[in-house]
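# Summary of structural features
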Amino acid sequence: MAFKPLHDRVLVRRVESEEKTAGGLIIPDSAKEKPAEGEVIAVGAGARDEDGDRIAMDVSVGDRILFGKWSGTEITVDGEELLIMKESDILGILEGTAAAKAA
């Protein structure tokens, strides 16, 4: 990929939600909301504090995250629609999702 976010910005790929409800109903595309869950594709080096020291990022590449409904800016990189957002727009990291997906 030819895109690296700067400072405390994060590049995210949306993770598509399930097409069925828990009760087995199929949700049509027109009724789906854009998912507020994604996978971190790239991270910046981190912001700087008042002394000029880097503040380490809390997220890393491969993390599965939750973010606000209106967070980030949609961009297209290599024909793929991605989101770029500040680290502060991220609500949390979903733990153990990679292990659950693999099983």
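Here's what I pulled together on the structure shown here. (Residues numbered from 1 in each chain as written. Predicted model: local features only at pLDDT ≥ 70, side-chain atom pairs only at ≥ 80, totals over all residues. Heavy atoms only, no water.)

To continue, consider the overall build of the protein. Within the protein one finds 1 helix and 6 strands. Going residue by residue from the N terminus, the α and β elements of the protein occur as β-β-β-β-β-β-α. Here the analysis covers contacts within the protein between residues at least 6 apart in sequence; of these, 62% occur between residues at least 24 apart. (Helix = DSSP H or I, 4+ residues; strand = E, 2+ residues; numbered from the N terminus. Contact = heavy atoms within 4.5 Å.)

Okay, the side chain of Ser71 next. Among the structural elements, Ser71 can be located in the loop between strand E3 (64-67) and strand E4 (73-77). For Ser71, a relative accessible area of 14% puts it in the buried group. With residues up to four places along the chain from it excluded, the contact list for Ser71 reads Leu83, Met85 and Asp89. (Buried < 20%, exposed > 50% of the residue type's maximum accessible area, 1.4 Å probe, protein only.)

Turning next to the pairing of E3. Relative to E3, strand E2 (residues 37-43) runs antiparallel, the two being bridged by 3 bridges. By the bridge assignment, Glu39 is partnered in E3 with Arg64. Here 4 bridges tie E3 to strand E6 (residues 90-94), and the two strands are oriented antiparallel to one another. Bridge assignment links Leu66 to a residue of E6, and that residue is Gly92. (Pairing = 2+ DSSP bridges.)

Attention now moves to the pattern of salt bridges. Taken as a whole and assessed by the stated rule, the structure comprises 5 salt bridges. Here Asp8 makes a salt bridge to Lys86, at a shortest N to O gap of 3.6 Å. Residue Asp8 is found in the segment before strand E1 (9-14), and its partner Lys86 is found in strand E5 (residues 80-86); the two are separated by 78 residues along the sequence. Judged by its relative accessible area of 16%, Asp8 falls in the buried class. (Salt bridge = Lys/Arg side-chain N within 4 Å of Asp/Glu carboxyl O.)

Here we come to a negative patch on the surface. Taken together, the side chains of Asp49, Glu50, Asp51 and Asp53 make up a negatively charged region of the molecular surface. Position of Glu50 among the secondary structure elements: in the loop between E2 and E3. Its relative accessible area of 84% is what places Glu50 among the exposed residues. (Patch = residues over 30% accessible without salt bridge, like charges linked within 9 Å, V, L, I, M, F, W, Y side chains within 5 Å. Areas by Shrake-Rupley, 256 points an atom, 1.4 Å probe, with all protein chains shown as cover. Lys, Arg positive; Asp, Glu negative; His and termini not counted. Charge placed at Lys NZ, Arg CZ, Asp CG, Glu CD.)

Keep in mind these numbers describe shape, not what the thing actually does.
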